[in-house]
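Spelled out, the chains give:
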Amino acid sequence: MPIQTLDDLAVQGTTLGVRIDINSPLDDDGTLADDARLRAHVETLSELLDRGGRVAILAHQGRPGGDEFRDLRPHAERLDEMLDAPVDYSDATFSADARRTVENLSDGEAVLLENTRFYSEEYMEFSPDRAGQTELVDKLVGVLDAYVNDAFAAAHRSQPSIVGFPARVPGYAGRVMEQELDVLGDIERTPEPRTYVVGGAKVPDSMAVIESVLERGLADRVLTTGVVANVFLLADGVNLGDASADFIYEQGYWDEIDRAGDLLEEYGDRIALPEDLAVERDGERHEIPVEGLPPEEGESAMDLGSATVESYGEVVRGSGTVVLNGPAGVFEDETFAHGTRDLFEIATEAEYSVVGGGDTAAAIRRFGIEGFDHVSTGGGAALNMLTGEDLPAVEALRN
Ligand code: 3PG
């Protein structure tokens, strides 16, 4: 069954729960370091408000226990600046006060409800029916007429605010969701050979994708970068030194090393690992070939080395489709931006190039790189989609 979009929704005078994904990088003081994800949702929110909707916005920021697990006040203030209509902020998500605020909205007004992940159920995965019975959904459906999911970037999660509402009230895809599904739904028809450049720090998500694109024959090559590459190097028996290895162990990625080992055994000819890495030595960039590792005490891998950038660059240049996800190193520091910037620039030369991920999109903007065929708002969601897997959010809207 096709999903319904805003074209199917009679908006005027209805109260809508609108899930967006504005999970963004923050500065140390909690202010937004990048507002691209907010800008992406302006089209959907403006349309709903212009059409006379009363909009209760639902969103998350960070993960429980993480540095970026913060309230959504800065996001509400920025949305209020970006939209022509007023956007209020509620410091609760589904309390009696929050529900009253939603009930008191007039046509063309919006409120951003507090970080959904402040409630433990929201960080758990459920079936849509079960998610529909959680406190968050159960309390809020009483004040909503319909639900719009525009949070493509979180569409791979089966969390209550993503899959629970359509089990209780009519559900529709917002404009971001609609466009992403259109563009990314067709990966099997993109030009070959296909190269996936997979990096960043969300290792379990990246590993699942690597496994899937290799198993399904979608990827001709997988080029590993960032922390993902470090996990593969460890699996390959390389001594990365304590600093890089400790980071991986502290994140609880032990199992991922075994998983990387299994993938190397099965698909080693299609998976590329860095030949050299860059560390910081005496305040400067210092490159070390993999055979020369470990680095000195306290040094950790900050970027790909130049030889790797060159050999990866050649693979990328010869690709029909390039899918990029996750930065190749600590690109925020100019000394270690080389791998990320160069690979991304080369990727724009491919016949068809797709970029996914919040950090990845932030890197592109920082470097001012243009020319990709599609820059997705999603990281894990984009990659899941590109593997041809069903996204829970989409299934929930469909059913
Ligand atoms: C993202 O940033 O990829 C989405 O907001 C999902 O966040 P999560 O990986 O913490 O679920």
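Quantities reported herein were computed from a predicted structural model and do not represent experimental measurements. (Residues numbered from 1 in each chain as written. Predicted model: local features only at pLDDT ≥ 70, side-chain atom pairs only at ≥ 80, totals over all residues. Heavy atoms only, no water.)

A.B. asks: Looking at this model, I keep getting lost on the packing of helix 10 (residues 226-235) against helix 11 (residues 242-250). Mind explaining?
C.D. replies: The geometry of a pair of packed helices is captured by two quantities: the angle between their axes and the separation between those axes. Viewed as axis vectors pointing N to C, helix 10 and helix 11 meet at an angle of 100°, and their least axial separation amounts to 11 Å. By the angle between their axes, helix 10 is roughly perpendicular relative to helix 11. For the pair formed by helix 10 and helix 11, the contact residues are Val 227, Asn 230, Val 231 and Leu 234 on the first element and Ser 244, Ala 245, Phe 247, Ile 248 and Tyr 249 on the second. Considered class by class, the residues forming the contact of helix 10 with helix 11 number seven nonpolar, two polar and no charged. (Axes fitted to C-alpha atoms, helices over the stretch in contact; angles between N-to-C directions. Helix = DSSP H or I, 4+ residues; strand = E, 2+ residues; numbered from the N terminus. Parallel < 35°, antiparallel > 145°, perpendicular 65-115°, else oblique. Contact = heavy atoms within 4.5 Å. Nonpolar A, V, L, I, M, F, W, Y, C, P; charged D, E, K, R; others polar.)

A.B. asks: Hey, could you run me through the site of the ligand in this one?
C.D. replies: The environment of the ligand is formed by Asp 21, Asn 23, Arg 37, His 60, Arg 63, Arg 117, Ala 153, Arg 157 and Lys 202. For the ligand, an oxygen atom lies 3.0 Å from a polar atom in the side chain of Arg 37. At 2.7 Å, a side-chain N or O of Arg 63 approaches an oxygen atom of the ligand. In isolation the ligand exposes 310 Å². Once the protein is present, 95% of that is buried. For the shell around the ligand, the per-class residue count stands at one nonpolar, two polar and six charged. (Near = heavy atom within 4 Å. Polar contact = N/O pair within 3.5 Å; in protein donor to acceptor, adjacent residues only side chain to side chain. Areas by Shrake-Rupley, 256 points an atom, 1.4 Å probe, with all protein chains shown as cover.)

A.B. asks: Is there a simple way to explain the sheet that holds strand 1 (residues 15-19) in this structure?
C.D. replies: Strand pairing in a sheet relies on backbone hydrogen bonds, with the paired strands running either antiparallel or parallel. Reading across the sheet, the six strands line up as 3-4-2-1-5-6 and stay open at both edges, with parallel pairing between neighbours. In this open sheet, the two edge strands, each paired with only one partner strand, are strand 3 (87-89) and strand 6 (171-173). When strand polarity is set aside, the average angle formed by the axes of neighbouring strands in this sheet is 25°. Where strand 2 (residues 54-58) and strand 4 (residues 110-112) come together, three bridges link them in parallel fashion. Counted as the bridge partner of Ile 57 is Leu 112 from strand 4. Along the sheet face, helix 3 (residues 73-82) touches strand 2, strand 3 and strand 4 and points at about 165° away from the line of strand 3. (Pairing = 2+ DSSP bridges.)

A.B. asks: Looking at this structure, I do not really get the side chain of Gln 61. What am I missing?
C.D. replies: Residue position: Gln 61 is located in the loop between strand 2 and helix 3. In this structure Gln 61 comes out as buried when scored by relative accessible area, which is 0%. Engagement of the side chain of Gln 61 in a polar contact is seen with the backbone oxygen of Ser 24, the distance being 2.9 Å. Among the polar contacts made by the side chain of Gln 61, one reaches the main-chain carbonyl oxygen of Glu 68 at a distance of 3.2 Å. Sequence-distant contacts of Gln 61, that is, excluding residues within four places in its chain, are made with Ile 22, Asn 23, Ser 24, Leu 26, Glu 68, Phe 69, Arg 70, Leu 72, His 75 and Asn 115. (Buried < 20%, exposed > 50% of the residue type's maximum accessible area, 1.4 Å probe, protein only.)

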